[in-house]
Amino acid sequence: MQISDMFSKDACSIFWRNNWLESWNWDEYEIRKKELWDGIVLVDMIWHPVKWSVEISDRMFSWIYPDWTIFALYCHSGWSSWYLQMQLSPKLPQYVFVNIKWGIMSL
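**Some thoughts on the sheet that holds strand S3 (residues 53–55)**
Taken together, the five strands give an open sheet; going across it, the order is S1-S5-S4-S2-S3, and neighbouring strands pair in parallel fashion. Across the chains shown, the open sheet's two edge strands, defined by having one partner strand only, are strand S1 (23–24) and S3. Sheet analysis places strand S2 (residues 40–44) next to strand S4 (residues 70–74), joined by five bridges and oriented parallel. The residue of S4 that forms the bridge with aspartate 44 is tyrosine 74. Packed on one face of the sheet, helix H2 (residues 26–36) meets S1, S2, S4 and strand S5 (96–100) and runs near 140 degrees to S2.

Given below as structure tokens:
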């Protein structure tokens, strides 16, 4: 096994971050949650649950949530959730993935 096969060397590229997928801060999340209620799932990636969050699991992307569900991903700083968003979006196009900017540290 080669360690370089386990990650993308471009994962932390500043150029990808500026033109990639949607990101919200916590205030934007709260506004959209009020608008879409059941259409948004707040996903805890770090086992530090906040109000309305669910723990990340493989089951989430099976039969539990309908197509076009918005998964708002959060971690400690926003980088891991952004990276997961980047990985999942092309593989699961029936869902929408949003990164919570600055993660739980900004609460």
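**A few points about the packing of aromatic side chains**
Applying the stated criterion across every chain, the model contains eleven aromatic pairs. Site record: aromatic cluster; members linked through ring pairs are Phe61, Tyr65, Phe71, Tyr95 and Phe97. Above the plane of the ring of tryptophan 37 lies lysine 33, whose end atom (NZ or CZ) is 5.0 Å from the centre.

Definitions and limits used
- Residues numbered from 1 in each chain as written.
- Predicted model: local features only at pLDDT ≥ 70, side-chain atom pairs only at ≥ 80, totals over all residues.
- Heavy atoms only, no water.
- Pairing = 2+ DSSP bridges.
- Helix = DSSP H or I, 4+ residues; strand = E, 2+ residues; numbered from the N terminus.
- Contact = heavy atoms within 4.5 Å.
- Axes fitted to C-alpha atoms, helices over the stretch in contact; angles between N-to-C directions.
- Phe/Tyr/Trp six-rings, centres within 6.5 Å; stacked < 30°, edge-to-face > 60°.
- Lys NZ or Arg CZ within 6 Å of the ring centre and 35° of its normal.

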